[in-house]
Each structure stands twice: as structure tokens, then as C-alpha cells.
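Residues per chain, in single letters:
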Amino acid sequence: MAVLRQFNGKSALAIVCLLILLITSKHLAEWSLRSSSLGIPSIRLPYDSSHGNSQNLDESAETGDPTLFPARVRDPSCDSFPDTSNILVVVKTGASESYAKIPTQLVTILSCVPDFLIFSDMEQDIAGYHVYDSLDNVLPGVSAQSPDFDLYRRQKHCVVDQQSCSVDNEASKRLNSWTLDKYKNVHIAEKTYKLRPNYEWYLFIDADTYVLWNNLVQWLSKLEAPATKRHYIGSISLLNDFRFAHGGSGYILSQATMQEFVGNHSGIANHYDKRAQESCCGDYVLALALNETIGIGVEHAWPTINGEKPYTIPYGPREWCHPIVTMHHLDPEEISSFWRFEKRFYESQTFPRPIIRFKDVYEEFVEPKLLPERYDWDNLSEDVLYLDPNHPERFTQEEKAKDHTKKLLKQFHIPAVERDAYKSFKHCSLLCSSLRKCFQFSYHNGACAYNKSFRLGRLTKKTDKKEERWISGWKQRQICDWADEHRDCKQLVWPNI
């Protein structure tokens, strides 16, 4: 009888567990449907494209190929996503930051993209997505002997998570990651073409880059046939008067460029390993390689390809009516916030989706936050500076080059409002009020700066030392009047490519 009671008890327990499992499964299914209707990102199947991603899912299950996506549940919010089947996005990250940044990208800007690749300085798997080691083919004579690869070697010997293995402080970690990063770009281009050789466009971004897909698709559709026209498009940076596309802003290579550069030059990345060792940056090395190998230079696409983020963009006549395709240095919270804004913006408009311009970003992220003044705040004013002539040791050479006080000394008559601008925040405010082109200003440590455009800026560290405290101000009425006057852009201003 005791055995029978024990058996009956176990049977009852099994039945209860089965009922709980069935109820839970039902509620999970209902929650999944509700989350889609509420706009909560979910995991979804990649859509059909000319590159066979749906077929790849079946192959992945059979072969275990890490280049193929895990199965994703279809997200109805992606039904109106633009057709990106001819564009491959390639994300560059590092093992020290990948788990902090990549998950946010997966549930926002990558959530509706049918195909993408992620490269790092260590092979990993994040939420079922494979991350490739971009540096495993670097010449042994370079990687084995260089201290640049100390971090790379330490990461491989870490037996727990990378964060726990890190022995560097934040500053050292950034420096070591940056040093390692310069070897990646040419190798990533080479590996990308080997894995995905059939795309028309290749967009290369960092893990903290934001992409506005609707704008990108409409823009690229206007450019010449990428299969025959060589394109290397980006936001230009200069190093020793050499022009290259800034990597964090994102850069675009056409099929013709990729084919001629890496398709026709096997092992091209290794030819630039030693050059990378002597250089500062991977985006610079890539530009050198493109120029020396196939004779192509960067096509300037700023401000559409953009290295700022909503709070640091300088809004004004140069940017106002331009569409924006990329932004850089967004943290996970900022990426999530902009992703929500994009969804609201498109839902409030009629089909086809309108283009998001700089003015739209300003109206959402900056206009509601402008105040006459903010303490412990740097609004990034930098166009013109008035520096304290009694303390030149406080200022950098770059700041001294913008110093208007020196020019005043050459004048016979010096207006008092300019002569005294460096003395205090109040004096700086009076200067800005006297100038028609001044939209904002800041005061810090004997430096008065003003801008002919307007930005929100960033928080600064609090200090008890009055002179070292940052204070920023905005001419709200003038900014609002200017924005209202230019509220309606008559035509889109795309880069002249």
C-alpha cells in the first residue's frame, strides 16, 4: 500500500506539472503576440532575399555552419521594413565591449536586416549569432612579436568572462583596444567578401554606430550601378593631408570595389599588416590599401554619413535639410531611444516612408531640452573663442588658433563687449547677445566660446572651483525663430556622389 500511495503521489505531481507547462506555453504564445503589437522587439526569421537566407536556415541546422543565422521568430513590425537584400552590413567590435554593445544592436537596427556579419578580435557567439575573429590571419611575424597583440593573447587565455579577465583600468583598456583595432579593417573587408561575395553594397560600421535604413536604401538607389561603378563612400577625415573615410561614421564599398580590391588580390590584408603596425588607425590603413591597390579615393558624404549623435550634432544651415544615414558614439540607451523615435516617426506618416532629416532629429531630441543656461554643462561651442590673455598656459594650441582676442589687439578700437568676453559667464552672454550669428555660448576657465550653429552637448564634472566650472547658454528665441523659418525643407539635399 505504501508503494501504491507513493506511485499515486508521483502520478499526481506529474499531472500538475504537465498542466502548468501547458498553461505557461499558452501564455508565452499570447505574450509574444502582444509584444509584437506593442512594438517590443522579438526574435524573428530573416526574410527571403536573393542571397538565399531562408535556405541557409535549413543548411545551418544540417551543417552547423556558424556563418548562418539561428532561426528567428517573425516580427510583424518588420513587414514595412525597406528592402535591404542588396546591402550587407558588417559590424566591427572588440571582445572587451561586444557583450555590452552587440545585444542592443541585435534587437534594434539589426532586428529586421536579413543578413549581416559581426567581426571582433576574438571568436565568440552572442545570443546565437557568430562573431568572427578578424585577426586570426595576421602575419605571425607581426602578431607574435608586437606588444600591440598583448590584449589579443590575453583574451584567448581567459577562462571566464572577458570583463573578469581584464586587468586594465578603463583608460588602458580603451588604448589597448584601439591599438589592436588598427589591424582589423582590411582583414574584415577580405573576410567579408569571401563569406558574402554577391552583394551590391557593403556597409561597414562600428558597434556604436546607428543606421537609418530607410534613408540608406533610398539614397543608394540613386547611385550608379554598384556592380560596375567603384565606390568608396564616407565622411572624410585627414591624416598628413591624406583623405580617408572615418570608420565610426560608417563607410560604403560597392560590389565593383570589393571585387577589384579583395576579389582580385588574394591575401591583400597581409600586405598591410606591417603598415598597420606603423599607422594609427584601421580606417586609414584601409584607405591606403584601396588607393595603392586599385587607385580609388574616398567620396565625401558628410553630413549624411555622420560621426555625431543627436545631442552633439551641430544643427544649422549646413545640415538642416540633409537626410541622415549614420550616427556614431551612441550608447545602448541612446540607440534604443532613437529606434523608438524612428518607429513613431514612420507610424505617424503616410506610406511611402518619408526621409528623416537633421531638422527632424533636432525637433525630437534637442528642441524640448533647450534652456537659457545650464550649469556643469558643455554645449560644445567652438567656432570662435575669446581666451584670457593673462593665462595662456590654460589653453591648447587648437584653442589658441581660434582665439579672437589676439586679432582684437591689432585693432585701433576694441569694443568693450569683445574685450571683456573672457572675464565671466555674464560677459560671455553679453557678447553672444550682441552678435546676430551667435546661437549659443559657453564659459569655462577663462575661455568664452560661441557657435554659429546650435547643439545640446554633454554633462561635465562638477567642481567647487568657480573658474573651472562649465556653464553653457543658448539664445532660445533666436534659435526657435530660425528653426520655425526653416521648418519646411523644400527639397532633399543628398551628398553629391
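Engineer: Honestly, the packing of helix α13 (residues 332-347) against helix α14 (residues 358-365) in this entry has me stumped. Any pointers?
Structural biologist: Helix packing geometry: the angle between the two helix axes and the distance between the axes. Axis separation between α13 and α14 bottoms out at 12 Å; the angle between their running directions is 110°. Here α13 is positioned roughly perpendicular relative to α14, judged by the angle of their axes. Between α13 and α14 lies a crossing whose hand is right-handed. Where α13 abuts α14, its residues S337, F338, F341, R344 and F345 lie against D360, V361, E364 and F365. Its residues placed into classes, the contact of α13 with α14 shows five nonpolar, one polar and three charged.

Engineer: I keep staring at the pattern of salt bridges and nothing clicks. Help me out?
Structural biologist: Opposite charge on two side chains lets them pair, provided their charged atoms get close. Following the criterion strictly, the structure yields 29 salt bridges and no others. Linking D181 and K184 is a salt bridge whose minimum nitrogen-to-oxygen distance equals 3.3 Å. With respect to class, D181 is no different from K184; both count as buried. The partner of R469 in a salt bridge is D376, and the shortest N-O contact between them spans 3.0 Å. Taken as a pair, R469 in the loop between β18 (458-459) and β19 (471-474) and D376 in the loop between β13 (373-375) and β14 (377-378) lie far apart in primary sequence, 93 residues in all. You can call R469 partly exposed: its relative accessible area is 30%. Where salt bridges share partners, they join K359, D360, E363, E367, D484 and R487 into one cluster.

Engineer: How do you make sense of helix α3 (residues 98-106) when you look at a structure like this?
Structural biologist: An α-helical segment advances 3.6 residues per turn. Residues three or four places apart therefore align on the same side. When we look at burial in α3, the residues that qualify are S98, I102, T104, Q105 and L106. On the buried face of α3, the contacting elements are β1 (87-92), β2 (116-120), β3 (124-126), β4 (129-133), β5 (201-206) and α13.

Engineer: In this structure, what is going on with the packing of helix α10 (residues 255-263) against helix α12 (residues 282-294)? I would like to understand it.
Structural biologist: Close contact between α10 and α12 brings their axes to 10 Å; oriented N to C, the two are set at 80°. With respect to their mutual orientation, α10 and α12 come out roughly perpendicular. For the pair α10 and α12, the contacting residues are T257, E260 and F261 in the first and L286, A289, L290, T293 and I294 in the second. Its residues assigned to classes, the contact of α10 with α12 shows five nonpolar, two polar and one charged.

Engineer: Any chance you could explain the packing of aromatic side chains here in plain terms?
Structural biologist: For the coordinates displayed, the defined rule picks out 28 aromatic pairs. Aromatic pair F439 and W482: ring centres 6.3 Å apart, planes at 75°, arrangement edge-to-face. Remark: W482 occurs in helix α19 (residues 476-485) and F439 occurs in the loop between α18 (425-433) and β16 (440-444); sequence separation between them is 43 residues. W482 shares its class with F439; the two are buried. Looking at R374, its charged tip hangs above the ring of W377, at a distance of 5.2 Å from the centre.

Engineer: Where do I start with the side chain of K309 in this structure?
Structural biologist: In this structure, K309 sits in the loop between β11 (299-300) and β12 (326-327). With relative accessibility at 19%, the residue K309 sits in the buried group. Of note is the side chain of K309, whose polar atom sits 3.1 Å from the side chain of E334. Look past the residues within four positions of K309 in its chain and what remains in contact with it is M327, H328, H329, L330 and E334.

Engineer: Explain the pairing of strand β17 (residues 447-451) here, please?
Structural biologist: Within a regular strand, side chains alternate between the sheet's two faces. Summarising burial for β17: five of the five residues are buried, a large majority. Across five bridges, β16 lies against β17 in antiparallel orientation. Bridge pairing links S442 to A449 in β17. Counted along the chain from β16 to the antiparallel partner β17, the turn is two residues long, and its residue N445 has a positive phi close to 55°.

Engineer: Whenever I open this one, the sheet that holds strand β15 (residues 384-387) confuses me. Can you help?
Structural biologist: Adjacent strands of a sheet form backbone hydrogen bonds with each other and so pair up, either parallel or antiparallel. Pairing is antiparallel in the open sheet, where five strands are placed in the order β13-β19-β16-β17-β15. Each having just a single partner strand, β13 and β15 make up the two edges of the open sheet. Taken pair by pair, the neighbouring strands of this sheet meet at an average axis angle of 15°, ignoring direction. In terms of strand pairing, β15 meets β17 through four bridges, oriented antiparallel. If you follow L385 over to β17, its bridge partner there is A449.

Criteria and cut-off values
- Residues numbered from 1 in each chain as written.
- Predicted model: local features only at pLDDT ≥ 70, side-chain atom pairs only at ≥ 80, totals over all residues.
- Heavy atoms only, no water.
- Axes fitted to C-alpha atoms, helices over the stretch in contact; angles between N-to-C directions.
- Helix = DSSP H or I, 4+ residues; strand = E, 2+ residues; numbered from the N terminus.
- Parallel < 35°, antiparallel > 145°, perpendicular 65-115°, else oblique.
- Left-handed = near helix turned anticlockwise from the far one by under 90°.
- Contact = heavy atoms within 4.5 Å.
- Nonpolar A, V, L, I, M, F, W, Y, C, P; charged D, E, K, R; others polar.
- Salt bridge = Lys/Arg side-chain N within 4 Å of Asp/Glu carboxyl O.
- Buried < 20%, exposed > 50% of the residue type's maximum accessible area, 1.4 Å probe, protein only.
- Phe/Tyr/Trp six-rings, centres within 6.5 Å; stacked < 30°, edge-to-face > 60°.
- Lys NZ or Arg CZ within 6 Å of the ring centre and 35° of its normal.
- Polar contact = N/O pair within 3.5 Å; in protein donor to acceptor, adjacent residues only side chain to side chain.
- Pairing = 2+ DSSP bridges.

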